[in-house]
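A look at the structure
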Amino acid sequence: MILAISLVVAVVFGSGAFLVLQRDLFRVVVGLTLISNSAFLFIIAAGLTRGTAGFAQGAVPVLPIPEGSAASDPLVQAMALTALVISLSTIALLLSLIYRLYVAHETVDLEDISEAEMRLAEALEREEEPEEEEKPEAGQEEEEIEKRSR
Amino acid sequence: MTGSTLLVLPVGLPWALAVALALLNGRRPWVGWLAVAGLGASLVSVVMLTFRVLREGPVETVTGGWPAGVGIVLRADVLGATFAAVSVGVILVSLVYEVFVGVRSRTFPALVLFLAAGLSGLFLTGDVFNFYVFFEVSMTAAYILTGYREQDYQVRGAFIFAVVNLLGSVIFLIAIAALYHVTGTLEMATVAERVREVNPNSLITIATAIFVAFSLKLGLFPFHFWLPVVYVGSHAPVAAILSGALANIGNYGLLRFGGDILSEELALGATAVLVLGSASIIYGALQAISRREPSEVLAYSTIGQVGYVLVALGIGGTVGFSAALIYAVVNSLNKALLFLVAGLRGPFVAAAFAVGAFSLMGVPPAVGFIGKIAVFKAGLAAGGVIQATLLVALIFLGSALSFVYALQIYQRAFLAKEPQGGLWDKTSPWTARALVVALAALVLAMGLWPEPLLVLGEEAATNLIESGGSP
């Protein structure tokens with residue numbers, strides 16, 4: 001049982017890690033979802049085998065169960081639930097960030113986006129450069145242009 | 001005021017106010033000032049809590065009036081209260097700065113308050129899982145704040161920041177689940193007691209996972225790749241919050257989990273921690289020297305400065321832990337000052353930057369000197385003669401390199417003739433400049449009167465070692 005669960009956790013984590021390394025931003029988000037889901041599986045699995053350390057001696061469970069029957073730890077399920085909600089909100093935030101990038105660049109491919117940004121930065125630099133030289137040489141340039149137009 | 005009220009106020013006040021402010025338009029000045037007032041009250045309560053903790057020892061309360069062992073424990077000791085006070089202080093200064101400059105987004109004040117509530121919550125909790133929840137509250141607010149001003153590169157930076165740190169959070173969550181599985185409790189104090197009876201093999205794995213998770217937050221050397229992209233793009237006060245307040249999660253987490261809960265595992269892995277810290281110092285400083293943009297230099301310098309905290313942590317003992325705490329506090333003040341100044345132009349700004357740069361290098365009147373001296377002392381206390389010599393030489397080299405890059409920024413940003421018609425032509429509002437000068441004065445004052453900081457470091461380290469057991 002332990003082997004089966006750890007295999008499942010490993011496979012889910014591995015496929016998530018593979019997807020996170022893709023260029024497509026949606027795949028990155030799906031990969032992150034898979035990775036966090038592997039963490040939830042791990043948390044639940046941590047409560048399946050009942051350790052002696054954490055079990056309160058002589059505690060009465062809310063739901064009456066026969067003495068000595070197997071029970072899983074309820075605390076890990078509460079933990080998984082909390083983590084699930086947090087992960088849901090973060091994934092929603094990531095999707096909204098992707099949408100924001102899509103609106104700006106009309107693509108969700110990371111390489112295309114950084115290319116577009118490079119182009120923008122170059123365009124900005126080209127705009128700035130003449131401004132720097134404008135002060136000493138602006139007059140001359142204008143004269144030259146005037147000469148040419150004549 | 002009773003201890004438990006003081007414990008709940010720093011978390012509850014900004015949280016309640018944040019929920020209310022989220023519905024209002026944050027671009028209006030009065031909304032911003034309301035947030036400042038709430039955060040100011042929260043800072044006052046944290047400082048009062050720190051004084052009480054120093055005088056009377058740790059304050060503890062169980063939420064919701066549950067019996068101990070059932071409810072979630074809130075607990076403040078010197079370490080947590082100090083980090084909470086510094087982080088809330090840095091966030092408050094950054095928020096005031098942004099209100100002076102002009103808030104451009106509806107949600108900015110509310111998000112900053114959420115971040116402050118999450119941070120003080122995680123510094124003042126005594127429960128491992130609660131730590132994770134508060135950590136996520138502040139991180140989620142930070143992801144959104146990174147995209148503040150909504151330039152394309154900022155949104156891209158926010159995406160990268162969120163993806164990388166979410167991975168770190170998942171690793172931390174797995175480590176918590178494993179820690180719960182082997183000890184059967186989530187309460188930090190009980191976990192620290194029970195781990196001594198656990199099979200060391202499984203604990204090493206857990207300790208490594210926790211170390212990786214916090215190093216990722218801190219931007220330590222092999223985990224640093226995301227940090228420059230995020231810091232360079234983000235708006236000045238956001239960068240100040242990220243490096244002055246949010247990075248404290250990593251510092252606090254390493255001190256709490258390494259020094260207190262898993263102290264034996266830290267002692268076992270001390271060599272690895274020392275090597276990673278040293279690599280981080282050298283790598284960060286060399287990269288910082290090779291960059292031109294001030295914010296990029298500061299981002300790489302952050303990677304280097306984290307290394308000092310790691311080295312102090314690796315040395316361990318009272319001297320090492322107190323040096324780690326003092327250096328972390330000093331570093332968050334320095335970085336907050338420098339990042340805020342980097343976004344301003346006008347008279348007195350260069351002077352404030354010079355104070356920050358001197359503090360970064362560790363030149364005497366500034367508080368950075370106190371931090372460097374503490375790490376030097378820790379280095380001298382380390383193991384054998386060879387190790388001590390190596391460490392002191394390393395710290396000296398790191399400081400010398402920081403001299404080079406700090407003065408390089410000063411030269412490029414403030415001494416060189418600026419291109420006309422650029423962004424930097426406008427003089428920033430005098431209020432924001434006055435704020436930065438006041439922060440610089442604080443950095444100087446703390447350097448001239450270092451007694452409180454040293455006492456805090458000493459007390460926190462003693463507490464850690466007492467509760468952690470082994471040296």
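Residues numbered from 1 in each chain as written. Chains lettered and ligands numbered in written order. Predicted model: local features only at pLDDT ≥ 70, side-chain atom pairs only at ≥ 80, totals over all residues.

Helix and strand counts for chain A come out as four helices and zero strands. Taken from N to C terminus, the helices and strands of chain A fall in the order α-α-α-α. Relative to its full complement of 150 residues, chain A shows a buried share of 19%. Long-range contacts, defined as pairs at least 24 residues apart, comprise 58% of the intrachain contacts of chain A with a sequence gap of at least 6. (Helix = DSSP H or I, 4+ residues; strand = E, 2+ residues; numbered from the N terminus. Buried ≥ 20, exposed ≤ 12 C-beta atoms within 10 Å, placed from the backbone. Contact = placed C-beta atoms within 7 Å.)

The helix and strand inventory of chain B stands at 20 helices and two strands. Computed over C-alpha atoms, the radius of gyration of chain B comes to 21 Å, within 12% of the 23 Å expected from 2.2 N^0.38 for 471 residues, which places it in the range of a compact globule. Buried positions account for 60% of the 471 residues belonging to chain B. Sequence separation of at least 24 residues holds for 78% of the intrachain contacts in chain B that already meet a minimum separation of 6. (Rg over C-alpha atoms; globule rule 2.2 N^0.38 Å.)

Turning our eyes to something else, we now look at the packing of helix α2 (residues 25-48) of chain A against helix α6 (residues 152-183) of chain B. For the pair α2 of chain A and α6 of chain B, interaxial distance at closest approach is 9 Å and the crossing angle is 10 degrees. In terms of axis orientation, α2 of chain A runs roughly parallel to α6 of chain B. The segment α2 of chain A lies against α6 of chain B, with Val28, Leu32, Ile35, Ser36, Ala39, Phe42, Ile43 and Ala46 of chain A engaging Val163, Leu166, Leu167, Val170, Leu173, Ile174, Ala177, Ala178, Tyr180 and His181 of chain B. Classifying every residue of the contact of α2 of chain A with α6 of chain B gives 16 nonpolar, two polar and no charged. (Axes fitted to C-alpha atoms, helices over the stretch in contact; angles between N-to-C directions. Parallel < 35°, antiparallel > 145°, perpendicular 65-115°, else oblique. Nonpolar A, V, L, I, M, F, W, Y, C, P; charged D, E, K, R; others polar.)

Bringing the environment of Ile144 of chain B into the picture now. Here Ile144 of chain B is to be found in helix α5 (residues 128-146). Placed 24 residues apart in sequence, Ile144 of chain B and Ser120 of chain B show a C-alpha to C-alpha distance of 19 Å.

Residue and element names in this part refer to chain B. Ranked by size, the top nonpolar core spans 209 residues in total, and within it Ile91, Leu113, Leu115, Ala312, Tyr327, Leu337 and Val436 carry the most contacts. Per-element tally for this core: the top contributor is α6, with 20 residues. Residue contacts for Leu113: discarding those within four places in its chain leaves Pro14, Leu17, Ala18, Leu21, Ala35, Gly38 and Leu39. (Core = buried A, V, L, I, M, F, W, Y, C linked by C-beta atoms within 7 Å.)

This paragraph deals with the packing of helix α14 (residues 294-315) of chain B against helix α15 (residues 317-342) of chain B. Residue and element names in this part refer to chain B. Running from N to C, α14 and α15 cross one another at 170 degrees; their axes reach a closest spacing of 7 Å. One finds that α14 runs roughly antiparallel with respect to α15. For the pair α14 and α15, contact is made by Pro294, Ser295, Leu298, Thr302, Gln305, Tyr308, Val309, Ala312, Leu313 and Ile315 and by Gly317, Gly320, Ala323, Ala324, Tyr327, Ala328, Asn331, Lys335, Leu338, Phe339 and Ala342, respectively. Taken together, the residues that form the contact of α14 with α15 break down as 14 nonpolar, six polar and one charged.

Contacts between the two partners involve 31 residues from chain B, matched on the other side by 30 residues from chain A. Sorting the residues of the side of chain B that touches chain A by element identifies α5 and α6 of chain B as the ones contributing at least two each. Among the elements that make up the side of chain B that touches chain A, the one with the highest residue count is α6 of chain B (18 residues). The residue makeup of the side of chain B that touches chain A, split by class, is 19 nonpolar, eight polar and four charged.

Residues of chain A with pLDDT of at least 70 account for 69%, and the chain-wide mean is 77. The secondary-structure element of chain A with the lowest mean pLDDT is helix α4 (residues 110-149) of chain A, recorded at 63, while helix α1 (residues 2-20) of chain A shows the highest, at 93. (pLDDT = per-residue confidence, 0-100.)

We now examine unusual backbone geometry. Residues and elements named next belong to chain B. The phi dihedral of Arg149 is positive, around 80 degrees, even though this residue is not glycine. As for its placement among the helices and strands, Arg149 is situated in the loop between α5 and α6. Owing to 15 C-beta atoms within 10 Å, Arg149 belongs among the partly exposed residues under this scheme. Located in the positive-phi region is Phe348, a residue other than glycine, with phi close to 75 degrees. Looking at the element boundaries, Phe348 is found in the loop between α15 and α16 (349-361). In this structure Phe348 comes out as partly exposed when scored by C-beta crowding, with 15 C-beta atoms within 10 Å.

So, on to the environment of Leu75 of chain A. Mapped onto the elements of the fold, Leu75 of chain A is located in helix α3 (residues 74-105). A tally of 17 C-beta atoms within 10 Å means that Leu75 of chain A is categorised as partly exposed.

The next point concerns α6 of chain B. All names here are of chain B. Over its 32 residues, α6 extends 46 Å from the first C-alpha to the last, a length consistent with the 46 Å expected when each residue adds 1.5 Å. In terms of burial, α6 is largely enclosed, as 28 of its 32 residues are buried. Directly beyond the C-terminal end of α6, a positive phi value near 75 degrees is found at Gly184. (Expected span 1.5 Å × (residues − 1).)

Averaged over every residue, the pLDDT of chain B is 89; residues scoring 70 or more account for 97%. Reported for the predicted complex are a pTM of 0.90 and an ipTM of 0.88.

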